[in-house]
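Chain by chain, the residues run as shown.
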Amino acid sequence: MPRRIERVFVGRITAPHGLRGWVRVLPLTDFSERFVRGAVFLVGSPQGAFVERVVEDVAWRGNFLLLRFRGVTSRQEAEMLRSLFLAIPREDVPPLPPGHFYHFELVGLEVWERGARRGVVDAVIPMALYDYLLVKDAEGREFFLPFVSAFVVAVRPEEGLLEVSCPEGFWE
């Protein structure tokens with residue numbers, strides 16, 4: 001059964017910045033244009049509740065982003081946001097071309113090969129040439145599966161399945 005993703009993380013607040021309520025944000029998205037004045041994000045932790053916050057000001061400083069949320073005016077208030085995530089509703093994620101997948105769509109898929117369940121995708125590890133899928137089997141063993149057509153036969157997130165064809169001995 002596929003899991004229903006309610007929200008998608010697009011940033012993480014790393015620290016307060018200055019004295020007037022600004023926070024440093026590590027973007028977790030390729031769509032940096034979403035960080036604009038007036039944008040609404042869900043802010044919270046994966047284990048807790050999320051609260052809507054409106055972006056008041058935005059500034060880029062090299063590779064990191066500075067944001068100030070409406071109503072956050074002091075360093076102390078900004079400190080309370082440290083380590084929280086910025087998220088958007090799943091339905092606000094732009095569609096990708098056919099055959100392309102977001103990492104969050106792959107994590108949690110059951111991996112099957114010739115009728116045998118091999119495990120579950122636990123993480124996606126981006127590398128220079130292609131990504132690897134970290135697959136954990138029922139015994140807790142981990143396998144690094146190249147996310148390439150030579151190994152991956154079909155990806156069906158709507159069914160919660162990833163079909164593979166691996167070389168002899170891969171799962172030993």
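Residues numbered from 1 in each chain as written. Predicted model: local features only at pLDDT ≥ 70, side-chain atom pairs only at ≥ 80, totals over all residues. Heavy atoms only, no water.

1. Structural notes on the overall build of the protein
Item 1. When its secondary structure is counted, the protein shows two helices and 12 strands.
Item 2. Secondary structure elements in the protein, listed N-terminal to C-terminal, are β-β-β-β-β-α-β-α-β-β-β-β-β-β.
Item 3. The dimensions of the protein, computed from C-alpha atoms along their principal axes, are 60 × 30 × 30 Å.
Item 4. Relative to its 172 residues, the protein shows a buried fraction of 37%.
Item 5. Of the contacts formed within the protein by residues at least 6 apart in sequence, a portion of 48% connects residues at least 24 apart.
Item 6. Carbon together with sulfur atoms contributes 54% to the accessible area of the protein, which is approximately 10300 Å² in total.
Item 7. Charge-centre separation for the protein: the mean point of 21 positive side chains lies 9 Å from the mean point of 23 negative side chains. (Helix = DSSP H or I, 4+ residues; strand = E, 2+ residues; numbered from the N terminus. Buried < 20%, exposed > 50% of the residue type's maximum accessible area, 1.4 Å probe, protein only. Contact = heavy atoms within 4.5 Å. Areas by Shrake-Rupley, 256 points an atom, 1.4 Å probe, with all protein chains shown as cover. Lys, Arg positive; Asp, Glu negative; His and termini not counted. Charge placed at Lys NZ, Arg CZ, Asp CG, Glu CD.)

2. Quick word on unusual backbone geometry
Item 1. Here serine 83, not a glycine, exhibits a phi torsion of approximately 70°, which is positive.
Item 2. Here serine 83 is to be found in the loop between helix H1 (75-79) and strand E6 (85-89).
Item 3. Positive phi, close to 45°, is recorded for arginine 114, a residue that is not glycine.
Item 4. Assignment of secondary structure puts arginine 114 in the loop between strand E7 (110-113) and strand E8 (116-125).

3. Some thoughts on the confidence of the model for the protein
Item 1. With 98% of its residues at a pLDDT of 70 or more, the protein has an overall mean of 93.
Item 2. Between the elements of the protein, mean pLDDT differs from a low of 91, seen in helix H2 (residues 103-106), to a high of 97, seen in H1. (pLDDT = per-residue confidence, 0-100.)

4. So, the side chain of glutamate 56
Item 1. Topologically, glutamate 56 is positioned in strand E4 (residues 50-61).
Item 2. With residues near it in sequence (within four places) discarded, glutamate 56 still touches Arg37, Arg68, Phe69 and Arg70.

5. What about a nonpolar patch on the surface?
Item 1. A surface patch of nonpolar side chains, amounting to about 250 Å² of accessible area, comprises Phe9, Leu26 and Leu28.
Item 2. Its place among the elements puts leucine 26 in strand E2 (residues 22-27). (Patch = residues over 30% accessible without salt bridge, like charges linked within 9 Å, V, L, I, M, F, W, Y side chains within 5 Å. Salt bridge = Lys/Arg side-chain N within 4 Å of Asp/Glu carboxyl O.)

6. A closer look at the pairing of E2
Item 1. Note: strand E1 (residues 7-17) against E2, six bridges, orientation antiparallel. Bridged to isoleucine 13 within E2 is valine 25.
Item 2. Count of turn residues in the E1/E2 antiparallel hairpin: four residues, of which glycine 18 carries a positive phi of about 80°.
Item 3. Alignment of E2 against strand E5 (residues 64-69), held across four bridges, turns out to be antiparallel. Each bridged residue has a counterpart across the sheet, and for tryptophan 22 the counterpart in E5 is arginine 68. (Pairing = 2+ DSSP bridges.)

7. Re the pairing of strand E12 (residues 161-164)
Item 1. Only one face of E12 is buried: it carries Leu162 and Val164, and the other face, with Leu161 and Glu163, is open.
Item 2. Looking at chain direction, E7 and E12 are connected through three bridges and run parallel. Bridge pairing in E12 links glutamate 110 to leucine 161.
Item 3. With four bridges joining them, strand E11 (residues 152-156) and E12 adopt antiparallel strand pairing. Paired with valine 152 across the bridge in E12 is valine 164.

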